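Secondary and tertiary structure notes
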Amino acid sequence: MGDRGSDAGQGPGAIERPALANETGDYWGSDVMALMLREIGLPYVALNPGASYRGLHDSLVNLLGNQAPQMLLCLYEEHAVAIAHGYAKVTGKPMGAIVHSNVGLMHATMAVFNAWCDRVPVVLLGATGPVAADKRRPWIDWIHTAADQGALIRNYTKWDDQPASVGAVPESVLRAYKIATTPPCGPVYVCFDAALQETRIGDLPPLPKAERARRPRSVAPDPEAAKEAAELLQGAKTPVILMGRVARSEEAWERRLKLVEALGAIVLTDPKTGATFPTAHRLQGPPAGNNPSPEACAVLRAADVVLSLDWVDLGGALKTAWDGKEVASKVILASLDHQLHNGWSMDYQGLPPIDLHLAVEPDVAVAAILPLLKPRASGWAERKEAAAPVGSAPSAPPNVITPVSLAAGLRDAVGSRQTCLIRTPLAWGGHAWETAHPLDLLGGDGGGGIGGGPGMAVGAALALRGSGRLPIAVLGDGDTLMGVTALWTAVHYRIPVLIVVANNNSFFNDELHQDRMARQRNRPVGNRWIGQRIADPEPDIATLARGQGATGFGPVRDPGELVRTLRSAIETVEAGGVALVDVRVEPGYATSMGSHYSRR
Ligand SMILES: Cc1ncc(C[n+]2csc(CCOP(=O)(O)OP(=O)(O)O)c2C)c(N)n1
Ligand SMILES: [Mg+2]
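Residues numbered from 1 in each chain as written. Chains lettered and ligands numbered in written order. Predicted model: local features only at pLDDT ≥ 70, side-chain atom pairs only at ≥ 80, totals over all residues. Heavy atoms only, no water.

Next up on the list: the pattern of salt bridges. Summed over the entire model, instances satisfying the criterion amount to 30 salt bridges. Where Arg 584 meets Glu 538, a salt bridge forms, and the shortest distance between an N and an O atom there is 2.4 Å. Placement of the pair is Arg 584 in strand E18 (residues 578–584) and Glu 538 in the loop between helix H17 (508–520) and helix H18 (541–546), with a sequence separation of 46 residues. Arg 564 is the partner of Glu 561 in a salt bridge, and the nearest nitrogen-oxygen pair spans 2.2 Å. Of this pair, Glu 561 and Arg 564 both sit in helix H19 (residues 559–574), 3 residues apart, roughly one helical turn. Salt bridges sharing common partners tie together Arg 119, Arg 245, Asp 310, Asp 337 and Asp 347. (Salt bridge = Lys/Arg side-chain N within 4 Å of Asp/Glu carboxyl O. Helix = DSSP H or I, 4+ residues; strand = E, 2+ residues; numbered from the N terminus.)

Here it is in structure tokens:
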């Protein structure tokens, strides 16, 4: 075997694959670990290397031939997890991420939190120096051994384990897979003792099959509860459906559409959860945003029955709509999310008032309720058509690019292509991007952890590679600069992706917070930029992209140059490249409705 094969891409040029059957019966503990990762079907393991898992690394390369799973080398552990996160957002399936003992895991933590809050499956693998002290190398193995690494992330993972023998590894990996993929999904962590990895085991033990560790089948709601929900909805004059964390399949999309149309319900959608309902549909309501817009609140207040399909922060939305007063609407919730709530993170949000809780996956609830309904001609009798205004923006001078005109320019440059808008920046307006398919828009980062955008973009683009859909991520400059080295992985593995940076040279969201503080305290608002502006020098983000082998465009400041530049970037991506366009946007022209920027 050549000792310097290429690991780029998956083609036949990759490292030569050795025969799996090892005639000599000379296997190692980490061979069992690697074979189990293959058994659970992880297509990729995004990683940053470390001696704590050098045994596993060897098994992945020299036993499995770096295929199924294939390694994706990352320059930073946070990217490895963010890539797995982005991949799961498209496919609903987990890939692996492997991080070095304690220090690597420490780097990964924020991305794990994002994945947790976004309820996506990620199989995170790690290692510790030898648990048996007599096996530790001096110094480094002692630094890199911790008694309970899982404790670093236990509060925002579904499960973690550190198998204490090679024989315990298969069960641990199977359980990790099963738990990660059982809704509500989330990250899991398995830590492999370096000494176990490097134990010579001779013959391979018989290994269990993943097909007997599949997630449990979805359960249907109690028939009485489904009937009650159907009756409540059928009897409603002004039903509202909140599309939250729902499935991304076309089948589920169609079923939700049928439910909405059968009821004539108004739909609110949430940019955090991506495309869940066609924005152009006559029953689409106003954009909701992170804090529901006044228009969305008005719809909610007018609702006699609200059906929440696992809406993120239902309690907060109802509280805002009803201004803290008692919610008069009947509220039906379809969600399993309560199963994940713990005492550490308050990502469970405020406790909503619920009249009927169907403790099932939201799309399973839809499937159960739909056949019980009798279609009727119209829902909201007095409602006028087309209640889905595109967010309006304060008018900007013609010589600057604003988030709204960037969205328009991007739409123009994209034309009739099928796209997947992986991420939108904070200033993006509610319905600035029309969606008609579940993959048109993927939604937020879950945990509000800035820096995950580039990694998630690469992971989503990896999942979309070869699909014919153009992957586009519009990211803030702050988010991009924190995570920019994720682009190297995309370039190295030939993952086409378009990154558009809505660059306002600032952590602008927080300028607005300083603005608010200054006003409240009657202090100089003009100082709001201090400690926030990313200028003097302005980072040249296109050069940072170029420095990693991507094609960098910009900075684009002239509105007249925008569409032309975006078109060139799209050509680059369609030719298989990674393109980044640095677009200088004027802050302060976010749409008034549905923008992510906090209003308080
Ligand atoms: C890890 C992390 N650090 C800090 C923050 C606080 N924060 C929230 S939004 C934001 C600004 C992000 O800047 P950018 O991506 O450029 O978006 P902009 O607000 O400028 O549109 C910051 C710093 C955070 N959410 N996460
Ligand atoms: Mg910014």
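More follows now that the structure is in view.
The subject of this paragraph is the coordination of the magnesium ion (ligand 2). At the metal site, the magnesium ion (ligand 2) is ligated by Asp 477 (OD), Asn 504 (OD1) and Ser 506 (O), and these contacts range over 2.0 to 2.1 Å. Ordering the donors of the magnesium ion (ligand 2) by residue number gives the pattern D-x26-N-x1-S. Here Ser 506 lies in the loop between strand E16 (497–503) and H17 and Asp 477 lies in helix H15 (residues 477–483), a separation of 29 residues in the sequence. Residue classification places Asp 477 among the buried positions, given a relative accessible area of 2%. Note on Ser 506: relative accessible area 3%, which makes it buried. (Donors = N, O, S within 2.8 Å, 3.2 Å for Na, K, Ca; no water. Buried < 20%, exposed > 50% of the residue type's maximum accessible area, 1.4 Å probe, protein only.)

Turning to the layout of surface pockets, a few remarks are in order. In this structure, the largest pocket encloses a volume near 1,200 Å³. Taken together, 45 residues form the lining of the largest pocket, with Gly 92, Cys 185, Val 246, Ala 247 and Arg 248 sitting closest to its centre. Of all the secondary-structure elements, those providing two or more residues to the lining of the largest pocket are helix H3 (77–91), helix H6 (169–181), helix H9 (250–263) and helix H12 (362–369). (1 Å grid on protein atoms, 1.4 Å probe; cavity = no way out; pocket = protein on both sides within 12 Å on 5 of 7 lines; lining within 4 Å. Points joined across faces, edges and corners; volume = space filled by probe spheres on them.)

In this section: the confidence of the model for the protein chain. Low-pLDDT portions of the prediction should not be read for the details of their coordinates. Within the protein chain, residue pLDDT values average 92, and 90% of them lie at 70 or more. Within the model, pLDDT remains below 50 along residues 10–15, and this stretch shows 13 contacts once partners closer than five positions in the same chain are excluded. Note on residues 386–391: pLDDT is under 50 here. Beyond four places in sequence and across chains, it has 16 contacts. (pLDDT = per-residue confidence, 0-100. Contact = heavy atoms within 4.5 Å.)

With respect to the helices and strands, the residue Thr 480 is situated in helix H15. You can call Thr 480 buried: its relative accessible area is 1%. For Thr 480, the side chain forms a polar contact with the main-chain oxygen of Gly 476, separated by 2.6 Å. If we skip the residues at most four places from it in the chain, Thr 480 touches Pro 454, Leu 475, Val 501, Ile 541 and Leu 580. (Polar contact = N/O pair within 3.5 Å; in protein donor to acceptor, adjacent residues only side chain to side chain.)

Among the secondary structure elements, Val 364 is positioned in helix H12. Each C-alpha atom, one on Val 364 and one on Val 219, is 7.7 Å from the other, the two residues being 145 residues apart in sequence. Setting aside its immediate chain neighbours within four residues, Val 364 contacts Ser 218, Val 219, Ala 220 and Pro 221.

Attention shifts here to the side chain of Ser 308. Tracing the chain through its elements places Ser 308 in strand E11 (residues 305–309). Classification of Ser 308 by relative accessible area gives buried; the value is 0%. Among all residues touching Ser 308, those that are not within four sequence positions of it are Leu 242, Leu 314, Ile 332, Leu 333 and Ala 334.

Let's shift gears to the sheet that holds strand E9 (residues 239–243). Taken in spatial order, the 5 strands make up an open sheet running E10-E9-E11-E12-E13, and their pairing is parallel. The strands lining the two open edges of the sheet, one partner per strand, are strand E10 (266–269) and strand E13 (356–358). Averaged over all pairs of adjacent strands, the angle between their axes in this sheet comes to 15 degrees, without regard to strand direction. As paired elements, E9 and E10 share 4 bridges and run parallel to each other. Bridge pairing links Val 240 to Ile 266 in E10. Together, E9, E10 and E11 form the strand contacts of H9, whose direction differs from that of E9 by roughly 165 degrees. Packing against the sheet, helix H10 (residues 294–302) makes contact with E9, E10 and E11, and its axis sits at approximately 140 degrees to E10. (Pairing = 2+ DSSP bridges. Axes fitted to C-alpha atoms, helices over the stretch in contact; angles between N-to-C directions.)

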